[in-house]
Amino acid sequence: MKTPLCLSMMSLALLSGCTMMRNQNDPARLKQTVSVINAVTWTNPLSGKRDGVRTTWPLLQLAGHEEIFPLAQIKNCPAKEATGAVPCAWGVLSTSRTITRYAYMAGGVTLDLGVLVDVHRRQQDRRRNFHTSMAIPTDVPALQYRKVLQQGVALPYGKVYRMDFDHGVRFEICAQRRDANGRALDDCDIPYI
């Protein structure tokens, strides 16, 4: 009678010890951390140059995390018709990124990633201590576009994953290891804006 109880207690102790072990691909085993760099870019309607927002987050903070990017104006000018110029259409861009889950894999991380790109005549952003809105005048042609992408993404360290959307909007994301002193061990080719 004592033997089965002893074996079951030992099995329980072994199983609980296994759950406390880190994933074999977790860089923390080598005293490293992982950061995720992401950016949303678009063509600035006034300068014609690339514009956008680039942020960096510690991976450990990203499970269930949503990032809402600032509102921006974009425009789309169709090619000139033979009968005359067609006016440019303008829109207000609202973009957000969510990561619901992450896991370590050999040489990188996997993420459950969601990206929302929403372009309309008017947008507003209401957060706890922050409120902003932006609108295109009613006498100007307005853009209307909405795209929601939800997908699992494998990110090898230092490799940039890109998503292109209509009207020149682009989302980029990259995973980067950092040593114990915070120095980057991988290059993520996402430029500062």
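Our subject is the structure that appears above.
Residues numbered from 1 in each chain as written. Predicted model: local features only at pLDDT ≥ 70, side-chain atom pairs only at ≥ 80, totals over all residues. Heavy atoms only, no water.

Q: Could you give me a rundown of the sheet that holds strand E10 (residues 161-164), with the residues and numbers involved?
A: What the four strands build is an open sheet, ordered E2-E1-E11-E10; its pairing is antiparallel. At either end of the open sheet lies a strand with only one pairing partner, and these are strand E2 (50-58) and E10. Strand after strand, the sheet turns through a mean of 15° between neighbouring axes, direction not considered. Pairing of strand E1 (residues 33-43) with strand E11 (residues 170-178) involves nine bridges; the strand directions are antiparallel. (Pairing = 2+ DSSP bridges. Helix = DSSP H or I, 4+ residues; strand = E, 2+ residues; numbered from the N terminus. Axes fitted to C-alpha atoms, helices over the stretch in contact; angles between N-to-C directions.)

Q: Give me the state of the cysteines: which residues, what numbers.
A: A full pass over the atoms with the stated rule returns two disulfides. With a sulfur-sulfur separation of 2.1 Å, Cys-174 is cross-linked through a disulfide to Cys-188. Residues Cys-174 and Cys-188 are joined through a disulfide that is left-handed, its torsion about the S-S bond being -75°. In this pair, Cys-174 is assigned in strand E11 and Cys-188 in the segment after E11, connecting sequence segments 14 residues apart. Overall, the relative accessible area of 12% leaves Cys-188 in the buried class. (Disulfide = S-S within 2.5 Å. Buried < 20%, exposed > 50% of the residue type's maximum accessible area, 1.4 Å probe, protein only.)

Q: Explain the nonpolar core residue by residue, including any values.
A: Core analysis: the largest hydrophobic core is formed by 31 residues, its most contacted members being Val-109 and Phe-171. At the level of secondary structure, the elements contributing two or more residues to this core comprise E1, strand E4 (72-76), strand E5 (89-105), strand E6 (108-120), strand E9 (145-156) and E11. Considering each element in turn, this core owes the most residues, six residues, to E6. Among residues more than four places away in sequence, those in contact with Val-109 are Val-34, Leu-59, Ala-103, Tyr-104, Val-153, Ala-154, Leu-155, Tyr-157 and Ala-175. Counting residues in each nonpolar core, the second largest holds five residues, with Ile-37, Ala-39, Cys-174 and Ile-190 among its members. (Core = buried A, V, L, I, M, F, W, Y, C linked by side-chain atoms within 4.5 Å. Contact = heavy atoms within 4.5 Å.)

Q: Please provide a residue-by-residue account of the packing of aromatic side chains, values included.
A: Counted according to the given criterion, the structure contains one aromatic pair. Where Tyr-102 meets Tyr-104, the ring centres are 6.2 Å apart and the plane angle is 80°; that geometry is what we call edge-to-face. Taking relative accessible area as the criterion, Tyr-102 reaches 22% and is therefore assigned partly exposed. According to the relative accessible area criterion, Tyr-104 is buried, its value standing at 15%. (Phe/Tyr/Trp six-rings, centres within 6.5 Å; stacked < 30°, edge-to-face > 60°.)

Q: I'd like a description of the environment of His-120, backed by residues and values.
A: Within the secondary structure layout, His-120 lies in strand E6. Separated by 26 residues in the primary sequence, His-120 and Arg-146 have C-alpha atoms spaced 8.4 Å apart. Ignoring sequence-local partners within four residues, the contact set of His-120 consists of Gly-91, Val-92, Leu-143, Gln-144 and Tyr-145.

Q: I'd love a proper account of the side chain of Thr-95, names of residues and values included.
A: As for its position among the elements, Thr-95 is in strand E5. In this structure Thr-95 touches Val-40, Glu-67, Ile-68, Phe-69, Leu-116 and Val-117, once residues within four positions along its chain are discounted.

Q: Before we move on, can you summarise the pattern of salt bridges with the specific residues and values?
A: By the definition in use, this model includes seven salt bridges. Close ionic contact of Asp-118 with Arg-146 constitutes a salt bridge, the shortest N to O distance being 3.5 Å. You can see Asp-118 sitting in strand E6 and its partner Arg-146 sitting in strand E9, a full 28 residues away along the chain. On the basis of relative accessibility, which here comes to 10%, the residue Asp-118 falls in the buried class. For Arg-162, the salt bridge identified is with Glu-172, shortest N-O distance 2.6 Å. Here the residue Arg-162 occupies a position in strand E10, and Glu-172 occupies one in strand E11, the gap between them amounting to ten residues. Here Arg-162 falls in the partly exposed class, since its relative accessible area comes to 39%. Look at Glu-172 and you get buried, because its relative accessible area is 6%. (Salt bridge = Lys/Arg side-chain N within 4 Å of Asp/Glu carboxyl O.)

Functional significance is not addressed by these values, which are geometric in nature.
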